[in-house]
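This is what each chain is made of:
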Amino acid sequence: MISILIMKNLRNLLVLIGIILLASNLYVISEFGLQESRWLRILGTSILFFIFLIGAKREDKYLIFGFSLLLVSDFLLIKYEIPWVKKLTFTLVILAYLSLIKHISPYVRNLEANLVQKLMFIVILAINVVMLYFLIDMVGDKWDDSWHTYLFYLYGMTMIVMVVLGFSYSNRYSNKSSFYFLWAVLGFVISDISGFLAYYLNVGEFYFPDRIFYIIGLLCLVKFSRMDKNREMLQSYGFL
């Protein structure tokens, strides 16, 4: 009965949860320490994960796996200062993003793009690669070891692929489903970059956009997971 009520009122529920999470996270970040902020992040992810699982479909196995890995990685943030935990967290988030890439890749297979679209993709790719290089260079000697650096390179490249596919999906279909997936991707990427600047470069103000865009990313991913991906759309392109 509870699940039926939640499903019927999902839109209002997500808006309400989003407002509560944004307000509470911004307050905790400004008034409390990093650990309290991390615990609240876990709480918000758990709530949205629960909503996600209520309507999850069997064919959404990669979304379920990706969301599960994000939840586990959030728990690991509590002990993030331990070197091996940092590496494990990086690894889990990389796998989560690869799961999202795997889920969306059938929708952008055999993508036909015009010259303008190709140039846009090249610009997006170039900007992300340059940003990745400068972020790694700015950290300098704060890396624990070479494996930490290698994982961040892989982490960054995974984000770049995810962004390119997100824009490709949005450009190809321009529907609500592609809109929410693109904003889920952008939310995660902007959050990751902000969190990186906040933690590794000690710029505390970036914890605010880090949390804002992470919540936006999760909310959009939940919304995306519950939308009809339109089987006929796939059939029309000969994928099934």
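What you are looking at is a predicted structure, and each value in this text was computed from that prediction instead of being measured.

Reading guide: rules and limits
- Residues numbered from 1 in each chain as written.
- Predicted model: local features only at pLDDT ≥ 70, side-chain atom pairs only at ≥ 80, totals over all residues.
- Heavy atoms only, no water.
- Helix = DSSP H or I, 4+ residues; strand = E, 2+ residues; numbered from the N terminus.
- Buried < 20%, exposed > 50% of the residue type's maximum accessible area, 1.4 Å probe, protein only.
- Contact = heavy atoms within 4.5 Å.
- Areas by Shrake-Rupley, 256 points an atom, 1.4 Å probe, with all protein chains shown as cover.
- Axes fitted to C-alpha atoms, helices over the stretch in contact; angles between N-to-C directions.
- Parallel < 35°, antiparallel > 145°, perpendicular 65-115°, else oblique.
- Nonpolar A, V, L, I, M, F, W, Y, C, P; charged D, E, K, R; others polar.
- Expected span 1.5 Å × (residues − 1).
- Polar contact = N/O pair within 3.5 Å; in protein donor to acceptor, adjacent residues only side chain to side chain.
- Patch = residues over 30% accessible without salt bridge, like charges linked within 9 Å, V, L, I, M, F, W, Y side chains within 5 Å.
- Salt bridge = Lys/Arg side-chain N within 4 Å of Asp/Glu carboxyl O.
- Core = buried A, V, L, I, M, F, W, Y, C linked by side-chain atoms within 4.5 Å.

**Q** I tried to follow the overall build of the chain on my own but got confused; where do I start?
**A** Counting its secondary structure elements, the chain contains 10 helices and 0 strands. From first element to last, N terminus to C terminus, the chain shows the α and β order α-α-α-α-α-α-α-α-α-α. Here the chain holds 240 residues, and the buried ones make up 49% of them. The contacts of the chain with a sequence gap of at least 6 include a subset with a gap of at least 24, amounting to 75%. Only carbon and sulfur atoms are counted for the fraction: they give 68% of the accessible area of the chain, which is about 12,500 Å².

**Q** Teacher, can you tell me more about the packing of helix α3 (residues 34-54) against helix α9 (residues 207-225) here?
**A** Each pair of packed helices can be described by the angle between their axes along with the distance between the axes. Put simply, α3 and α9 touch, their axes get as near as 10 Å, and they point 10° apart. Taken together, the axis directions place α3 and α9 in an arrangement best described as roughly parallel. Along its contact with α3, which presents L34, S37, R41, T45, L48, I51 and F52, the element α9 presents Y207, D210, R211, Y214, L218, L219, V222 and S225. Of the residues assigned to the contact of α3 with α9, the class counts are 9 nonpolar, 3 polar and 3 charged.

**Q** Before we go on, may I ask you to explain the side chain of T158 in this structure?
**A** Structurally, T158 is set in helix α7 (residues 146-173). Here T158 falls in the buried class, since its relative accessible area comes to 5%. Once you skip the residues sitting within four places of it in the chain, T158 turns out to touch I94, Y97, L98 and I101.

**Q** Would you take a moment to explain helix α8 (residues 176-200) for this structure?
**A** Residues three or four positions apart in an α-helix share a direction because the helix packs 3.6 residues into each turn. A rise of 1.5 Å per residue sets the reference length of α8, with its 25 residues, at 36 Å; its end C-alpha atoms lie 36 Å apart and thus fit the reference within 8%. Of all 25 residues in α8, 20 are buried; the element is thus mostly enclosed.

**Q** What's the story with the environment of Y200 in this structure? I'm lost.
**A** Tracing the backbone through its elements, the reader meets Y200 in helix α8. Along the chain, Y200 and I136 lie 64 residues apart, while their C-alpha atoms are 10.0 Å from each other. Engagement of the side chain of Y200 in a polar contact is seen with the side chain of Y80, the distance being 2.8 Å.

**Q** Would you take a moment to explain a nonpolar patch on the surface for this structure?
**A** A surface patch of nonpolar side chains, about 820 Å² in accessible area, is lined by V130, Y133, F134, M138, W147, Y150 and Y153. Sorting the residues of the nonpolar patch by element identifies α6 (115-139) and α7 as the ones contributing at least two each. Sort the elements by how many residues they give to the nonpolar patch and α6 lands first, with 4 residues. Topologically, Y150 is positioned in helix α7.

**Q** Sorry if this is basic, but what is going on with the nonpolar core here?
**A** Soluble, globular proteins show a tendency: their nonpolar side chains are buried together. By size, the foremost hydrophobic cluster in this structure holds 64 residues, and its most contacted members are L48, Y97 and F152. For this core, the secondary structure elements donating two or more residues are α2 (10-31), α3, α4 (61-76), α5 (83-104), α6, α7, α8 and α9. Setting aside chain neighbours within four positions, we find F152 in contact with F90, L132, L135, I136, W143 and F196.

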